[in-house]
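The chain contents come next:
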Amino acid sequence: DCIHSVQSQTHPQVEHLILDGQSTDNTVEAIMAAGFKGTLWVEKDKGMYDAMNKGIARAKGDIIGILNADDVYTHPQVLEKVQALFDHSGADALYGDLRYVDAIDPLKTKRIWKAGPMHPKAFLHGWMPPHPCFFVRREVYEKFGAFAEGFDSAADYELMLRFLHRYGIKVAYLQEFLVNMRMGGVSNRSFKNRILANKADRRAWKANGLTPHWYTLYAKPLRKLTQFMTLFASKP
């Protein structure tokens, strides 16, 4: 599904890279059976974020987006719209809204994450954009670095905190759903994983020499409640 959603994009210049960490579950065979037309690397890595860093380093495009294997773009014009807003706004990064769908039935919506516009102190109030909908100019990675090691599932939070809050790069908001993400993310699989993710979030602030408010990292998971409330409100 992921491969087909990328290959159906109407943008004329899409470079699709897949990194497989020498998996033994027939992933490579499934990739080739899906008619993959991009570039595939099969090599050992140190984990998901190490693989993402390798992909970022090898990407030749001016704008980089990361789409996990369980995720799909919501429609064929997503990347075309992303490019248009980058051109219009002159932004360094861009994000949109995320739709969580059922792992078995991807036509069933479970949660919706409407990020809203970013304000200067948004991260202090527990805000963050959905990482699957986060697109960044390659030169930003070259200037401020890629994913940092040691943050486990919070590495995407640390990266966005660093780019948007610490360095204040210019960001634009594309107000529509860009990605459908299947439920089952690592940090949300259990209460224990959520606690570990919260500790990693705290380390992300410290690593960047930043001080959150006392409530910042309590507000972050509480914001997820609004995603269910918004879904309930949107149903007839």
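Preceding this section is the structure that the text describes.
Residues numbered from 1 in each chain as written. Predicted model: local features only at pLDDT ≥ 70, side-chain atom pairs only at ≥ 80, totals over all residues. Heavy atoms only, no water.

1. A look at the pairing of strand β1 (residues 17-20)
Part 1 of the argument: Sheet topology places β1 next to strand β2 (residues 39-42); four bridges connect them, and they run parallel. Looking across to β2, one finds that L19 is bridged to W41.
Part 2 of the argument: Assessed by its sense of winding, the connection that carries the chain from β1 through helix α2 (residues 27-33) to β2 is right-handed. (Pairing = 2+ DSSP bridges. Helix = DSSP H or I, 4+ residues; strand = E, 2+ residues; numbered from the N terminus. Right-handed = clockwise from strand over helix to strand, strands pointing away.)

2. Here's the deal with the packing of aromatic side chains
Each aromatic ring pair is summarised here by two numbers: the centre-to-centre distance and the angle between the ring planes.
Part 1 of the argument: For the structure shown, the criterion picks out 10 aromatic pairs.
Part 2 of the argument: Here the guanidinium or amino end of R58 rests over the ring plane of W41, the centre of that ring lying 4.5 Å away.
Part 3 of the argument: For R111, the ring lying beneath its charged end belongs to Y100, and the centroid distance is 4.0 Å. (Phe/Tyr/Trp six-rings, centres within 6.5 Å; stacked < 30°, edge-to-face > 60°. Lys NZ or Arg CZ within 6 Å of the ring centre and 35° of its normal.)

3. Concerning the state of the cysteines
Part 1 of the argument: Under the criterion given, the structure shown has zero disulfides.
Part 2 of the argument: In this structure C133 is not part of a disulfide, and its nearest cysteine sulfur, from C2, lies 13 Å away.
Part 3 of the argument: Overall, C133 belongs to the buried group, its relative accessible area being 0%. (Disulfide = S-S within 2.5 Å. Buried < 20%, exposed > 50% of the residue type's maximum accessible area, 1.4 Å probe, protein only.)

4. Some words on unusual backbone geometry
Part 1 of the argument: The backbone phi angle of N26 is positive, close to 70°, even though this residue is not glycine.
Part 2 of the argument: With respect to the helices and strands, N26 occurs in the loop between β1 and α2.
Part 3 of the argument: Residue class for N26 comes out exposed when judged on its relative accessible area of 53%.
Part 4 of the argument: Positive phi, close to 50°, is recorded for D152, a residue that is not glycine.
Part 5 of the argument: Secondary-structure assignment places D152 in the loop between α5 (138-144) and α6 (155-166).

5. What about the pattern of salt bridges?
Part 1 of the argument: Within this structure, the stated rule accounts for eight salt bridges.
Part 2 of the argument: Residue D1 is joined to R182 by a salt bridge in which the shortest nitrogen-to-oxygen separation is 2.9 Å. Here the residue D1 occupies a position in the segment before α1 (2-7), and R182 occupies one in strand β8 (residues 171-182), the gap between them amounting to 181 residues.
Part 3 of the argument: Take D1: its relative accessible area is 57%, and that puts it in the exposed class.
Part 4 of the argument: The class for R182 is buried, based on a relative accessible area of 16%.
Part 5 of the argument: Put simply, K220 and D201 hold a salt bridge, and the shortest N to O gap is 2.9 Å. (Salt bridge = Lys/Arg side-chain N within 4 Å of Asp/Glu carboxyl O.)

6. Some remarks on α6
Part 1 of the argument: Most of α6 is tucked away: 10 of the 12 residues are buried.
Part 2 of the argument: Regarding α6, the residues found buried are A155, D156, Y157, E158, L159, M160, L161, R162, F163 and L164.
Part 3 of the argument: G168 sits one or two residues past α6 and shows a positive phi near 60°.

7. Section: helix α4 (residues 78-89)
For an α-helix, 3.6 residues make a turn, and residues three or four places apart therefore share a direction.
Part 1 of the argument: An ideal rise of 1.5 Å per residue puts 16 Å on 12 residues; α4 measures up with 16 Å between its terminal C-alpha atoms.
Part 2 of the argument: Within the span of α4, buried status applies to V78, L79, V82, L85, F86 and S89. Down the axis of α4, the sector holding all buried residues measures 125°, keeping them to one side. In α4, those exposed residues whose orientation departs by more than 90 degrees from the buried face are D87 and H88.
Part 3 of the argument: Looking at the buried side of α4, the elements it contacts are β3 (63-65), β4 (71-73), β5 (93-101), β7 (134-137) and β8.
Part 4 of the argument: Among the residues trailing α4, G90 stands out with phi positive, at a value near 70°. (Expected span 1.5 Å × (residues − 1). Arc of directions from axis to C-beta. Contact = heavy atoms within 4.5 Å.)

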